[in-house]
Amino acid sequence: MKILVPVKRVVDYNVKVRVKSDGSGVDIANVKMSMNPFDEIAIEEAVRLKEKGVATEVIAVSCGVLQCQETLRTAMAIGADRAILVETAEELQPLAVAKLLKALVEKEQPQLVILGKQAIDDDCNQTGQMLAALLGWGQATFASKVEVAGSQVSVTREVDGGAETLSLSLPAVITTDLRLNEPRYVTLPNIMKAKKKPLENLKPEELGVDVKPRIKTLKVSEPPKRSAGVKVADVATLVDKLRNEAKVI
Ligand code: AMP
């Protein structure tokens, strides 16, 4: 069984992002970029399924600029067998990515696609769902446990106030939540090995997909600044402030 894992190159989660002065977006010039954390979890899960003998091949795919190759090399250092870059300088929105992934699914015929539940840059939480709809496959989002048995996969997912377990027929789409696993540390020997693994480069036109944006960002703005805190003299003042100023009790 082949597993396809889409990985997105995003601003590193430790970076404090700055909004551009004209409000047109976030400034990513000279900012550290990394693999989307949920996608690291997706690669880790796919590699574990391969190590258990459930999967035979793990293919990482990234859509975007040439530098996404670095993200793909990281995926291969974690354990993906090979990678595909769909290279474009166009701004990619979830529907465009889902269409590219659909074309790759048709080409590669995986039984499982494991995506992150959301990309931490756009916070869309849409690509996996759109891909499942375009393919007509079952989907289990926000997975915290995945078990494959024959032609079925059982997925435990986090829902409000508890967990829900679903059974899906393969092929299927799964998106990962934080608690699914803890991705392994990438070692130097594995980084070196990853440099020799195959990385294919495709263009959206070769997959017959029009990736033009359908949505226009009108404005991006910083959240309002938080005002400074105050020290209160005693509990009575605290209760008074909570009741009369903050009006929360
Ligand atoms: P989003 O719908 O943008 O929040 O992204 C959800 C998931 O879709 C991510 O965690 C990735 O697994 C996948 N994804 C989104 N954009 C890309 C991209 N440009 N290249 C590869 N995978 C992507």
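Here is a short report on the structure shown in this document. This structure is a prediction, so every number in the text was calculated from the model and none was measured. Residue positions are given per chain, counting from 1 as you read along its sequence in written order. Given that this is a predicted model, residues contribute local features only at a pLDDT of at least 70 and side-chain atom pairs are listed and counted only at 80 or more, while totals for whole chains, interfaces and linings are drawn from all residues. To obtain the side-chain values, all non-hydrogen atoms of the structure were included, while hydrogens and water were left out.

To continue, consider the environment of Met33. Structurally, Met33 is set in strand 3 (residues 33-35). Linking Met33 and Lys107, residues 74 residues apart in sequence, is a C-alpha distance of 29 Å. A run of H or I in DSSP counts as a helix once it spans at least four residues, and a run of E counts as a strand once it spans at least two, with each numbered from the N terminus.

Take the site of the ligand next. Contacts to the ligand come from 18 residues, most closely from Asp39, Ala119, Asn125, Gln126 and Thr127. The definition of a polar contact used here is a pair of N or O atoms within 3.5 Å, where within protein one atom must be able to donate a hydrogen and the other to accept one, and adjacent residues in sequence count solely through side-chain atom pairs. Residue Asp39 places a side-chain N or O atom 2.5 Å away from an oxygen atom belonging to the ligand. Backbone polar atom of Gly116 to an oxygen atom of the ligand: 3.0 Å apart, as the coordinates give it. Values of accessible area rely on a 1.4 Å probe in the Shrake-Rupley scheme; residue burial ignores everything except the protein chains shown. Compared with its free state, where it exposes 480 Å², the ligand has 98% of that area covered by protein. Listing elements by their share of the shell around the ligand, those giving two or more residues are strand 4 (57-64) and strand 6 (112-116). Sort the elements by how many residues they give to the shell around the ligand and strand 4 lands first, with three residues. The classification used treats Ala, Val, Leu, Ile, Met, Phe, Trp, Tyr, Cys and Pro as nonpolar, Asp, Glu, Lys and Arg as charged, and all other residues, Gly among them, as polar. Looking at the shell around the ligand residue by residue, the classes come out as eight nonpolar, seven polar and three charged. Each residue is tested against the molecule or strand, and it is near if at least one of its non-hydrogen atoms lies within 4 Å.

For the rest of this paragraph, the subject is unusual backbone geometry. Cis rather than trans, the peptide bond between Leu170 and Pro171 has omega equal to 0°. Phi is positive for Asp123, close to 50°, though the residue is something other than glycine. Note that Asp123 resides in the loop between strand 6 and helix 4 (127-135). Residue Lys247 is not a glycine yet carries a positive backbone phi of 55°. Along the chain, the position of Lys247 falls in the segment after helix 6 (235-244).

Any Phe, Tyr or Trp ring, taking Trp's six-membered ring, that has another such ring centre within 6.5 Å forms a pair; planes under 30 degrees apart are called stacked, those over 60 apart edge-to-face, and the others tilted. Following the criterion strictly, the structure yields zero aromatic pairs and no others. Working rule: Lys NZ or Arg CZ, within 6 Å of ring centre, within 35 degrees of ring normal, means a charge sits over the ring. It is Lys117 that lies over the ring of Phe142; its NZ or CZ is 5.4 Å from the centre.

By definition here, a salt bridge exists when the distance from a side-chain nitrogen of Lys or Arg to a carboxyl oxygen of Asp or Glu is within 4 Å. Within this structure, the stated rule accounts for 20 salt bridges. Asp122 is the salt-bridge partner of Lys8, the closest N and O atoms lying 3.1 Å from each other. One end of the pair, Lys8, is in the loop between strand 1 (2-6) and strand 2 (9-11); the other, Asp122, is in the loop between strand 6 and helix 4, and 114 residues separate them in sequence. For Lys203, the salt bridge identified is with Glu87, shortest N-O distance 3.7 Å. Here Lys203, found in the loop between strand 11 (199-202) and helix 6, pairs with Glu87, found in strand 5 (residues 82-87); they are 116 residues apart in sequence, far enough to count as distant. Only protein chains enter the accessibility calculation, which uses a 1.4 Å probe. A residue is then buried if its area is under 20% of the maximum for its type, exposed if over 50%, and partly exposed in between. Its relative accessible area of 32% is what places Lys203 among the partly exposed residues. Taken together, the shared-partner salt bridges in this structure form one network comprising Lys2, Glu57, Arg82 and Glu108.

A fitted line through C-alpha atoms serves as each axis, taken over the contacting stretch for helices, and the angle formed by two N-to-C directions is quoted from 0 to 180°. Orientation of helix 3 (residues 94-108) relative to helix 4, taken along the N-to-C sense of each, is 50°, at an axis distance of 8 Å. Classified by the interaxial angle, the pair formed by helix 3 and helix 4 is oblique. Handedness of the helix 3/helix 4 crossing: right-handed. Contacts from Pro94, Leu95, Val97, Ala98, Lys99, Leu101, Lys102 and Val105 in helix 3 reach Thr127, Met130, Leu131, Leu134 and Leu135 in helix 4. Its residues placed into classes, the contact of helix 3 with helix 4 shows 10 nonpolar, one polar and two charged. Should an angle fall under 35 degrees it is taken as roughly parallel, and over 145 as roughly antiparallel, whereas 65 to 115 is taken as roughly perpendicular and any remaining angle as oblique. Should the near helix be turned counterclockwise from the far one by less than a right angle, the crossing is left-handed, whereas a clockwise turn marks it as right-handed. We call two residues in contact whenever any of their non-hydrogen atoms come within 4.5 Å of each other.

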